[in-house]
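For reference, the chains in residue letters:
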Amino acid sequence: MRRFTRTSLVVCGLLVLILAPSFGAETSSKDKSGTPTFSEDVLPILQRSCQTCHRPAGLNLGGMIAPMPLLTYQETRPWAKAIARVVESGEMPPWHASDDYAGVFSNERTLSDAEIETLLRWAKTGARPGDPDKAPPPLEWPSAEWSIGEPDLVLSLAEPFHVDDDLVDLNIVLAAEAVPVGVLDRDRYIVAAEYKPDTEAVHHIIGFAVTPESADRPGGFLRLPGIAPGAEPSEFPPGYGIRLPKGSKIMMQMHYHKDPGPGTEVYDQSTVAFKFADEPVQEMYVSSVGDPRKMYLPANTKDHFITQEETLAKDITIMSLLPHMHYRGAYSHYVAKLPDGTEMSFLEVPRYDFNWQTRYRFKQHLRLPAGTRLEVTMGYDNTAGNPNNPDPNAEVKWGDSTDDEMNLGFFYWAFTDASDGEGLGGRVSPFLAREEAGSSGSGD
Ligand code: HEC
């Protein structure tokens, strides 16, 4: 991955955001005015933009697996109209950053206008199969059980947890099985993590490490990657990892959420898999801007914005961003104000959707100098006009339940100068004069 030097960042940061080329590929349609066919025109688009989820055992996005495979003509034909509808509305492929950031994030999922046009025309003109000999060869997917590849450590909850009939919403920290002897006889660095929720009652999971040094401090757990609806497995950029300290025990903060009623009980024993770095890597951290607990939403209010801001104590490098709110979340915007006065907008999510907890991964990491002011604005819609809203008449505060709200502008980062991070241990904040807020919260 190419990096900016710090000086070029100031010059280029804005340009990257404005000028970055869209990397949606051109459609192959040979005949724009003619009738597109599955083999020649549609399948290449599905392969590029849909099949990573729409295949048997597709990406398990926090327990959300795409409902139907779109690999063959036979599988796709019945969905032609639905496909036209969801690509026209922008629902699929799911991606919520504003178009201004096209080309900025490596996990961007978008279609070009020409691709959308091709899919619409295909559906309108009888969804024809075309000549199978002209179809691209089928893509090969890793057959491995885990999409992160062969894990080094797989742990389930130590015991099945009984989610009883009456349970609606519960956050509970449960112990995972013991780490096998020898695996954590030294610090390890997590370079990828994947969760397998065991039942549909799982809403999200956050991993925590309890270390010999943190065990006796309340809230002193170290946050590990987690999983929430619509989130991809965590895979970190080469050269970085999240430290899993020697001797750690693994805990999972389970968030169960379901409709209550007779016969809805389940026993849940969810699983997490970690891949460790083989070679030395630099430690990366997850932080959020400001104090996320300072929030309040009046009842029946739309366009309610809350801005959190903080100043960097050191030069840092940001790899990815994860805005996290609950059902009333509607908007998110990350801005950096550099010490030289330059203002740089680095992610805007105009229609935040709680069901898609996307981590936006920079293609080119963002380097920010000490003294930069980070500002994260979240917008909420607490009216009946928000179809996700459980109760527009409620005044809403911070809380772990999905019906409460959160205000977490997460970012994944490392010290630009690795020596700034040496010997810190425990929880580390990039900000001036602040302890990282408590261990609760969500996201991966
Ligand atoms: C990141 C994973 C992902 C990608 C990429 C993706 N989908 Fe989906 N898709 C889903 C999931 C999950 C659902 C289930 C709907 C939901 O819960 O929102 C879905 C639902 C759908 C539906 C609606 C099914 C119904 O029951 O009405 C259609 C149609 C669809 N996708 C088409 C596409 C097409 C076409 C593409 C590519 C242009 C695409 N999807 C890309 C994950 C994905």
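Anything mentioned here points back to the structure above.
Residues numbered from 1 in each chain as written. Predicted model: local features only at pLDDT ≥ 70, side-chain atom pairs only at ≥ 80, totals over all residues. Heavy atoms only, no water.

> Lay out the coordination of the iron atom of the ligand in plain terms, naming residues and giving numbers.
The reference angle at a metal is 109.5 degrees if four donors form a tetrahedron and 90 or 180 degrees if six donors form an octahedron. Protein-derived coordination of the iron atom of the ligand comes from H54 (NE2) and M92 (SD), at a distance range of 2.0 to 2.3 Å. Seen from the iron atom of the ligand, its 6 donor atoms lie at angles of 85 to 179°, and the figure they make is octahedral. In this pair, H54 is assigned in the loop between α2 (38-49) and α3 (73-76) and M92 in the loop between α4 (80-89) and α5 (113-124), connecting sequence segments 38 residues apart. Given the relative accessible area of 28%, M92 is considered partly exposed. (Donors = N, O, S within 2.8 Å, 3.2 Å for Na, K, Ca; no water. Tetrahedral: all angles 85-135°; square planar, octahedral: opposite > 155°, others 65-115°. Helix = DSSP H or I, 4+ residues; strand = E, 2+ residues; numbered from the N terminus. Buried < 20%, exposed > 50% of the residue type's maximum accessible area, 1.4 Å probe, protein only.)

> An account of α4 is requested, with residue identities and associated values reported.
For α4, the complete set of buried residues consists of A80, I83, A84, V86 and V87. Turning to α4, the residues buried within the fold contact α3 and α5. Within two residues after α4, G90 carries a phi angle of roughly 85°, on the positive side. (Contact = heavy atoms within 4.5 Å.)

> Any chance you could break down the sheet that holds strand β13 (residues 285-288) for me, citing the residues and the numbers?
Pairing between the strands of a sheet is mediated by backbone hydrogen bonds and can be parallel or antiparallel. Strand order across the open sheet formed by 4 strands is β13-β22-β16-β19, with antiparallel pairing between neighbours. Bordering the open sheet on either side are β13 and β19 (360-368), each of which pairs with just one other strand. The mean angle between the axes of side-by-side strands here comes to 35°, regardless of whether they run parallel or antiparallel. (Pairing = 2+ DSSP bridges. Axes fitted to C-alpha atoms, helices over the stretch in contact; angles between N-to-C directions.)

> Give a description of the site of the ligand that names residues and reports values.
The environment of the ligand is made up of 20 residues, and the closest members are C50, C53, H54, P67 and M92. The side chain of H54 places a nitrogen or oxygen atom 2.8 Å from a nitrogen atom of the ligand. In a pocket analysis with a 2 Å cut-off to the grid points, the ligand is assigned to the largest pocket. In terms of residue count, α4 provides more of the shell around the ligand than any other element does, 4 residues in total. Its residues placed into classes, the shell around the ligand shows 16 nonpolar, 2 polar and 2 charged. (Near = heavy atom within 4 Å. Polar contact = N/O pair within 3.5 Å; in protein donor to acceptor, adjacent residues only side chain to side chain. 1 Å grid on protein atoms, 1.4 Å probe; cavity = no way out; pocket = protein on both sides within 12 Å on 5 of 7 lines; lining within 4 Å. Sits in = over half its atoms within 2 Å of the grid points. Nonpolar A, V, L, I, M, F, W, Y, C, P; charged D, E, K, R; others polar.)

> Let's hear about the packing of aromatic side chains: which residues, and what values?
According to the stated counting rule, one finds 16 aromatic pairs in the structure shown. Centre to centre, the rings of F38 and Y73 are 5.5 Å apart; their planes meet at 70°, and the pair counts as edge-to-face. Here F38, found in helix α2, pairs with Y73, found in helix α3; they are 35 residues apart in sequence, far enough to count as distant. The exposure class assigned to F38 is buried, which follows from its relative accessible area of 4%. Relative accessible area serves as the criterion here: at 19%, Y73 is assigned to the buried category. Relative to F354, the ring of Y327 has its centre 4.8 Å away and its plane inclined at 65°; by these criteria the two rings are edge-to-face. With a gap of 27 residues between them, Y327 in the loop between β16 (316-324) and β17 (329-337) and F354 in the loop between β18 (343-349) and β19 connect regions that are remote in the sequence. Members of the aromatic cluster, joined through ring pairs, are W95, F105, Y334, F346, Y360 and F362. Lying across the ring of W146, K196 places its NZ or CZ 3.7 Å from the centre. (Phe/Tyr/Trp six-rings, centres within 6.5 Å; stacked < 30°, edge-to-face > 60°. Lys NZ or Arg CZ within 6 Å of the ring centre and 35° of its normal.)

> Lay out the sheet that holds β17 in plain terms, naming residues and giving numbers.
As summarised here, the arrangement of the 4 strands in space is β15-β20-β17-β18, forming an open sheet in which the pairing is antiparallel. Each having just a single partner strand, β15 (301-311) and β18 make up the two edges of the open sheet. Direction aside, the axes of adjacent strands within the sheet are offset by 15° on average.

> Lay out the packing of α2 against α5 with the relevant residues and their values.
The interhelical angle for the contact between α2 and α5, taken along N-to-C directions, is 130°, at an axis separation of 10 Å. On the basis of the axis angle, α2 is oblique to α5. Our pair here, α2 against α5, has a crossing hand that is left-handed. For the pair α2 and α5, the contacting residues are F38, D41, V42, I45 and R48 in the first and E115, T118, L119 and W122 in the second. (Parallel < 35°, antiparallel > 145°, perpendicular 65-115°, else oblique. Left-handed = near helix turned anticlockwise from the far one by under 90°.)

> How would you explain the pattern of salt bridges if you had to name every residue and give the values?
A complete count under the given rule lists 11 salt bridges for this structure. Across the pair R121 and E117 runs a salt bridge whose closest N-O atoms are separated by 3.8 Å. Of the two residues, R121 and E117 are both situated in helix α5; the distance of 4 residues between them amounts to about one turn of the helix. Classification of E117 as partly exposed rests on a relative accessible area of 41%. Notably, a salt bridge pairs D381 with K302, separated by 4.0 Å at the nearest N-O pair. With D381 in strand β20 (residues 373-382) and K302 in strand β15, the pair connects residues that are 79 residues apart, well separated along the chain. Ionic contacts of the salt-bridge type, sharing partners, join the residues R109, E232 and R361 into one network. (Salt bridge = Lys/Arg side-chain N within 4 Å of Asp/Glu carboxyl O.)

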